Amino acid sequence: MSGTAHLVVERVGATLLLTLNRPQARNALSLPMLVGLHDGWAEADDDDTIRSVVLTGAGGAFCSGMDLKALARQGRGTTDDDACRERLRADPDLHWKAMLRHHRPRKPVIAAVEGPCVAGGTEILQGTDIRVAGESATFGLFEVRRGLFPVGGSTVRLTRQIPRTHALEMLLTGRPYTAREAERVGLVGRVVPDGTALESALATAELVNANGPLAVEAVKACAYETAGLDEPDALAVELERGMRIFDTADAKEGARAFAEKRPPVFRRA
C-alpha cells in the first residue's frame, strides 16, 4: 500500500486500486490527491504487470469536486504541501493529467462509484472506460449554478459520450442525477446495490485481466483513436492495429490454449 495521505494506492492481483481518501470532505480534490492520482496513472502505464485500474472513493463517496479551500491552504506549513506545490510548478499540466483531461491511461480504467460523484467527480468519471455505480450514487455538473464553467472537459466529452440532449441538460441545468438516471442516459454502464460497486468493479477488472494484455490495450486505443474519424478511415485504423495483434505470440498462444482446452498464458509478446 502506498500513495499520499489523500490517495491510497494498492495492488489487487493485476489491478491497481486507487482510492480517493478524504471521506470527511466527500473526497473533494486536494493538491496531494491530484499528485497521487498523477503518479498512480503513471505507475499503471509503466508497470506491465498491471493490467487494469480501479478508481473509487473512501467512506461512501466517490468525489465531490475540487476543494478550493484546501487548495488555497496548500503550501502553508507542511513538507508534503511544499513538495506538491513544487511538483505543480515543475509540471503546470499535472492537475489536468491527474483528472484524465490531458492523459489517457494505457490500461482500462474502471470507476466504482458510491455516493456523490459531482462537479469534478463527474468530470474525472468521463476519463474512465467502464463505470459501475451504487444505487444511491448521485451525479451532476453544478458549475453553472455557481456562475462557473466545467473546465475539466465536460463540454467536449459529455456530448460525445451520451446523447447531446441529455448532455446539454446536465450541463445547462446543473441539477443532480440519480444513479438510475445516469444509467438511462449512458453516463454509467451498470447500477448495483449500495456498497457493492467496488466488488463489482474488481470482478470486472478480473475479467479484463484474464485477456491478452496487448489485445486489450490495442482495442482500447483503437476505440478512442477512431472516435472522431469517418467510417472508412476508422476501419483502416482498426485493420492496421488489429493485424499487428494477430501477428503476436500472445495471439498464437490464445488459439493454442483454446484448442488444448486450457487457460492461455499471455506474455505480452
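Above this text you will find the structure in question.
Here's what I pulled together on the structure shown here. (Residues numbered from 1 in each chain as written. Predicted model: local features only at pLDDT ≥ 70, side-chain atom pairs only at ≥ 80, totals over all residues. Heavy atoms only, no water.)

**Things to note about the overall build of the protein chain**
Definition in use: Only DSSP runs of H or I with at least four residues qualify as helices, and only runs of E with at least two residues qualify as strands; both kinds are numbered from the N terminus onward. All radius of gyration figures rest on C-alpha atoms, and the globule criterion is 2.2 Å times the number of residues raised to 0.38. By definition, residues are in contact when any of their heavy atoms lie within 4.5 Å. Here the accessible surface of atoms and residues is derived via Shrake-Rupley with a 1.4 Å probe, and residues count as covered only by protein chains that are part of the display. The charge count treats Lys and Arg as positive and Asp and Glu as negative. His and the chain ends do not count. Charge positions are represented by NZ for Lys, CZ for Arg, CG for Asp and CD for Glu.
A count of helices and strands for the protein chain gives 12 helices and 9 strands. A compact globule built from 269 residues should have a C-alpha radius of gyration of about 18 Å, and the protein chain, at 19 Å, falls within 12% of that. Its C-alpha atoms give the protein chain principal-axis dimensions of about 60 × 45 × 35 Å. For the protein chain, restricting intrachain contacts to residue pairs at least 6 apart in sequence, the fraction spanning at least 24 positions comes to 65%. Of the roughly 13200 Å² of accessible surface on the protein chain, 57% is carried by carbon and sulfur atoms. Averaging the locations of the 34 positively and 36 negatively charged side chains of the protein chain gives two centres separated by 2 Å.

**With respect to the sheet that holds strand E7 (residues 138-140)**
Quick note on the threshold: Two strands make a pair as long as DSSP finds a minimum of two bridges between them.
With mixed pairing, 3 strands are arranged side by side in an open sheet as E5-E7-E8. In this open sheet, the two edge strands, each paired with only one partner strand, are strand E5 (116-118) and strand E8 (177-178). Relative to E7, E5 is paired through 3 bridges, and the arrangement is parallel. Bridged to Cys-117 within E7 is Phe-139.

**Side note on the sheet that holds strand E3 (residues 52-57)**
Under the convention used in this document: Axes, fitted as lines to C-alpha atoms, cover a helix only where it is in contact. Angles between the N-to-C directions of the axes lie from 0 to 180 degrees.
One open sheet holds the 6 strands; their spatial order is E1-E2-E3-E4-E6-E9, and the pairing between them is mixed. Each edge of the sheet is formed by a strand with only one pairing partner; in this case those strands are strand E1 (7-12) and strand E9 (190-192). Ignoring strand direction, the axes of neighbouring strands in this sheet form an average angle of 20 degrees. Here helix H1 (residues 31-46) sits on the sheet in contact with E1, strand E2 (15-20), E3 and strand E4 (109-113), set at roughly 175 degrees to E2.

**Some thoughts on the environment of Ile-110**
Following the sequence through the fold, Ile-110 ends up in strand E4. Each C-alpha atom of the pair Ile-110 and Val-54 lies 4.7 Å from the other, and the pair is 56 residues apart in sequence. Residues in contact with Ile-110, not counting those within four places in the same chain, are Val-53, Val-54, Leu-55, Ile-130, Ala-201, Thr-204 and Ala-205.

**A look at the pattern of salt bridges**
Two side chains that carry opposite charge are able to pair once their charged atoms sit near each other. The test is simple: Salt bridge, as used here, is a side-chain nitrogen of Lys or Arg placed within 4 Å of a carboxyl oxygen of Asp or Glu. Using a 1.4 Å probe on the protein chains alone, a residue whose accessible area is under 20% of its type maximum counts as buried, one over 50% counts as exposed, and one in between counts as partly exposed.
Using the criterion set out here, one finds 19 salt bridges in the structure. Arg-22 is the partner of Asp-67 in a salt bridge, and the nearest nitrogen-oxygen pair spans 3.1 Å. One end of the pair, Asp-67, is in the loop between E3 and helix H2 (68-73); the other, Arg-22, is in the loop between E2 and H1, with 45 residues separating them in the sequence. With respect to burial, Asp-67 and Arg-22 carry one shared label: buried. Residue Glu-225 pairs with Arg-241 through a salt bridge whose shortest N-O separation is 2.8 Å. Linking Glu-225 in helix H10 (residues 213-225) with Arg-241 in helix H11 (residues 231-246), this pair joins segments that are 16 residues apart in sequence.

**Overview of the nonpolar core**
The following threshold applies: In this text, buried Ala, Val, Leu, Ile, Met, Phe, Trp, Tyr and Cys residues form a nonpolar core when linked through side-chain atoms within 4.5 Å.
With 42 residues, the main nonpolar core has Leu-18, Leu-37, Val-113, Phe-139 and Leu-187 as its most contacted residues. Here the element with the most residues in this core is H1; it accounts for 5 residues. Grouped together as the second largest cluster of nonpolar side chains are 9 residues, Leu-17, Ala-112, Val-192 and Ala-205 included.

**Some details on unusual backbone geometry**
If you check the backbone angles, Leu-100 has positive phi at about 65 degrees while not being a glycine. In this structure, Ala-119 takes a positive phi of about 50 degrees despite not being glycine. Turning to its location among the elements, Ala-119 is positioned in the loop between E5 and helix H5 (120-125). Judged by relative accessible area, which is 10%, Ala-119 ranks as buried.

Don't take any of this as a statement about function, it's just geometry.
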